[in-house]
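Given next are the chains, with one letter for each unit.
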Amino acid sequence: MGNIIKFSMDRLEQRRFELTFDCPNCGSARIRISAGKARGYVEDVMCPKCGIRVILDGLNITVVNEAVPAPEICPAPQGKGAIL
């Protein structure tokens, strides 16, 4: 497996990201939450159809970099008294 990097909400607020999903209440409107663009924080959003307020209170993203080559394991020479 390659390198695993976790990005928390604090780190993602400094990046530009956008999250789009159906309204959790009515299900008929698309909600778009974004951050970045020099704001550095996540804004809450009102649903245009049912009027509820949607607040993103937690987000983690895990990135796995599979391009990192695995280290080659060189087997130790087996001789008399070798410990494996």
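Residues numbered from 1 in each chain as written. Predicted model: local features only at pLDDT ≥ 70, side-chain atom pairs only at ≥ 80, totals over all residues. Heavy atoms only, no water.

### A look at the nonpolar core
As a rule of thumb, nonpolar side chains are buried together in soluble globular proteins. Put simply, the test is: Nonpolar core, defined: a set of buried Ala, Val, Leu, Ile, Met, Phe, Trp, Tyr and Cys residues in which side-chain atoms within 4.5 Å join the residues together. Buried means the residue's accessible area, taken with a 1.4 Å probe over protein chains only, is under 20% of the maximum for its type, while exposed means over 50%, and partly exposed covers the values in between. Helix and strand labels come from DSSP, where a helix needs a run of H or I of at least four residues and a strand needs a run of E of at least two; each type is numbered from the N terminus. Should any heavy atoms of two residues lie within 4.5 Å, those residues are considered in contact.
Counting residues in hydrophobic clusters, the biggest one holds 14 residues, and the most contacted among them are Phe17, Ile31, Ile33, Val42, Cys47 and Leu56. Elements that contribute at least two residues to this core include exactly helix H1 (9-12) and strand S3 (30-35). In this view, Phe17 contacts Leu12, Ile33, Ser34, Ala35, Val42, Leu56 and Leu59; residues no more than four positions away in its chain are not counted.

### Section: the environment of Glu18
In plain terms, the rule: Throughout this description, a polar contact denotes any pair of N or O atoms lying within 3.5 Å of each other; where both atoms belong to protein, one of them has to be capable of donating a hydrogen while the other can accept it, and for residues adjacent in sequence the pair is counted only when both atoms sit in side chains.
Mapping Glu18 onto the fold places it in strand S2 (residues 17-22). Separated by 24 residues in sequence, Glu18 and Val42 have C-alpha atoms that sit 9.8 Å apart. A polar side-chain atom of Glu18 sits 3.5 Å from a polar atom in the side chain of Arg32.

### Details of a nonpolar patch on the surface
Worth spelling out the cut-off: Exposure above 30% relative accessible area and the absence of a salt bridge qualify a residue for a patch, where like charges join within 9 Å and nonpolar side chains (Val, Leu, Ile, Met, Phe, Trp, Tyr) within 5 Å. Only the protein chains shown count as cover for residues, and the accessible areas themselves come from Shrake-Rupley with a 1.4 Å probe. Think of a salt bridge as a Lys or Arg side-chain nitrogen and an Asp or Glu carboxyl oxygen that are within 4 Å of each other.
On the surface, a nonpolar cluster with roughly 200 Å² of combined accessible area is contributed by Ile5, Ile61 and Val63. Locating Val63 in the fold gives a position in strand S6 (residues 61-65). On the basis of relative accessibility, which here comes to 33%, the residue Val63 falls in the partly exposed class.

Any link to function would need more than the numbers given here.
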